[in-house]
Amino acid sequence: MKSRILLLCCILSLSVTLFGRPMSDKQKAAQCEKIKAATRHAWEGYKKYAWGFDALKPISKQGQNWYGVSFLMTPVDAFDTFTLMGLDKEAREAKELVLSKLTFDVDQEVQLFEVSIRLLGGLLSSYELDGDPGYLTLAKDLGRRLLPAFHSETGMPWRYVNLKTGKTRDSLSNPAEIGTYLLEFGKLTQFTGDSVYFKTAKKAALMVYRNRSDNDLVGTIIDVTTGMWKNRESQIGARIDSYYEYLYKSWKLFGDENCHHAWEVSNKAIKKFLLTKTPNGSFFTRVNMISGKETHPYYGALDAFYAGILALSGDIETASEVQKGNFYMWTHFKIEPEEFDFKKDSVISPEYPLRPENLESCFYLYRMTKEDQYLRMGKRMIGDILKKCRTNAGFAEVKNVKPLQLSDSMESFFLAETLKYAWLLFAPESTLDLNKVVFNTEAHPLKIQLMN
Ligand code: DMJ
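Since the model is a prediction, treat every value here as computed from it, not as a measurement.

Student: Before we move on, can you summarise the environment of N280 with the specific residues and values?
Tutor: Residue placement: N280 occurs in the loop between β10 (275-278) and β11 (281-284). Residue class for N280 comes out partly exposed when judged on its relative accessible area of 27%. For the pair formed by N280 and Y46, sequence separation is 234 residues and the distance between their alpha carbons is 39 Å. Discounting chain neighbours no more than four positions away, the residues touching N280 are K324, G325 and Y328.

Printed below as a string of structure tokens:
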């Protein structure tokens with residue numbers, strides 16, 4: 001007995017020496033303050049140089065729009081982050097701008113996916129958090145204007161739709177841009193009482209699932225008019241990621257059993273064919289969806305989200321192995337690259353556009369395990385971002401992780417997701433209850449309510 005206690009003490013003191021003491025509440029609060037200050041800095045830059053535009057160019061200090069008109073991407077995306085952080089003045093400023101200026105009554109073609117996750121998701125979560133009916137009016141108007149995109153032969157949406165005319169374009173789409181509407185459209189169904197939204201989104205997502213291979217995998221590009229795959233590479237990153245995320249989350253948010261089943265089947269196949277163990281942690285490789293044979297051992301910043309969804313779904317063992325790989329990717333290159341070859345340890349795409357996924361997974365793993373290692377990982381990552389990407393006007397994306405070079409852009413998801421997940425990681429758990437909300441893929445929290 002004595003020797004056991006002695007051994008335990010030795011292990012404890014060794015881990016304190018190796019990894020430092022567990023982070024105290026005071027240290028966590030200090031992290032939160034640092035992240036809040038960074039959020040204020042980014043918003044000040046937007047206000048000063050890009051007021052009324054979609055986004056800030058943080059080096060040249062100008063505003064930038066995605067299209068001919070502004071849809072106020074940054075204030076819509078940032079409002080719930082400000083609210084959660086208790087940045088009341090900033091929340092008021094964003095709200096005033098959005099409710100006084102945002103209109104969707106414009107003859108403008110938009111990309112269905114981006115507008116849905118950022119604007120529709122942002123407006124819906126703003127409505128749930130703030131209660132102002134102006135947000136819901138905007139969300140309903142936008143949802144109605146997006147519906148024509150789903151008028152294809154298969155029910156899978158076209159990539160672009162004109163908000164005034166309903167004219168659609170580009171049938172060569174991908175699972176993410178087809179299957180990432182369940183949460184936002186489901187909420188619209190609950191708020192309007194019109195079942196068309198959820199039915200439409202569900203039909204589209206399950207059409208991708210129906211077109212899976214015998215291995216239960218999906219490819220990267222599919223023609224929405226024919227259901228024929230145009231690129232059969234299966235992976236969990238760009239152009240597929242949030243399709244899987246929404247299958248699981250649709251069950252979590254609405255209790256949808258069909259989506260849950262599709263998630264279970266897909267996740268099993270992903271773990272069988274893609275999950276690859278290495279001494280640096282686990283990564284998901286890329287394979288041919290028919291043969292299951294490896295095409296490219298590439299992994300990157302977007303793939304990193306999967307550890308979070310695994311943790312949320314209860315598979316902590318796999319999630320922690322994948323997060324080990326995620327953190328390796330971050331530290332090995334000083335800041336994670338968009339893509340790297342995990343077998344050769346070489347960079348394939350060198351940019352880092354301020355993405356949230358690695359921090360997002362840390363947040364979920366910390367919430368599920370309470371292990372200090374995730375706080376330390378998060379501290380390192382957000383520390384690097386705030387130090388290396390800061391400019392006088394905001395935070396700039398990285399053009400090249402090695403040698404470090406910045407580029408003149410600050411995506412709205414930096415405020416919607418990266419800063420939010422980083423802050424939530426260190427914030428008291430009571431600020432957000434994961435039994436009550438589910439995040440959309442742009443980190444907009446939506447209240448759990450089962451679908452009738
Ligand atoms: C965000 O717009 C969403 O998280 C999307 O699902 C993936 N890409 C960006 C962030 O990296």
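Next, the rest of the story.
Student: Summarise the site of the ligand; cite the residues concerned and give the values.
Tutor: I117, L302, R355, P356, E357, F413, E417, T441 and E442 make up every residue found near the ligand. A distance of 2.7 Å separates an oxygen atom of the ligand from a polar side-chain atom of E357. Within the side chain of T441, a nitrogen or oxygen atom sits 2.7 Å from an oxygen atom of the ligand. Look at the ligand: alone it shows 290 Å² of surface, and the protein chains cover 92% of it. Split into classes, the residues belonging to the shell around the ligand amount to 4 nonpolar, 1 polar and 4 charged.

Student: Could you give an account of the environment of F104, with specific residues and numbers?
Tutor: Along the chain, the position of F104 falls in the loop between α4 (88-101) and β3 (109-111). Of the residues examined, F104 reaches a relative accessible area of 1% and is grouped as buried. Sequence separation between F104 and L138 is 34 residues, and the spatial gap between their C-alpha atoms is 7.9 Å. Discounting chain neighbours no more than four positions away, the residues touching F104 are F71, L119, L123, L138, D141, L142, R145 and L163.

The rules behind these values
Residues numbered from 1 in each chain as written. Predicted model: local features only at pLDDT ≥ 70, side-chain atom pairs only at ≥ 80, totals over all residues. Heavy atoms only, no water. Helix = DSSP H or I, 4+ residues; strand = E, 2+ residues; numbered from the N terminus. Buried < 20%, exposed > 50% of the residue type's maximum accessible area, 1.4 Å probe, protein only. Contact = heavy atoms within 4.5 Å. Near = heavy atom within 4 Å. Polar contact = N/O pair within 3.5 Å; in protein donor to acceptor, adjacent residues only side chain to side chain. Areas by Shrake-Rupley, 256 points an atom, 1.4 Å probe, with all protein chains shown as cover. Nonpolar A, V, L, I, M, F, W, Y, C, P; charged D, E, K, R; others polar.

Treat this as a map of the structure, not an account of what it does.
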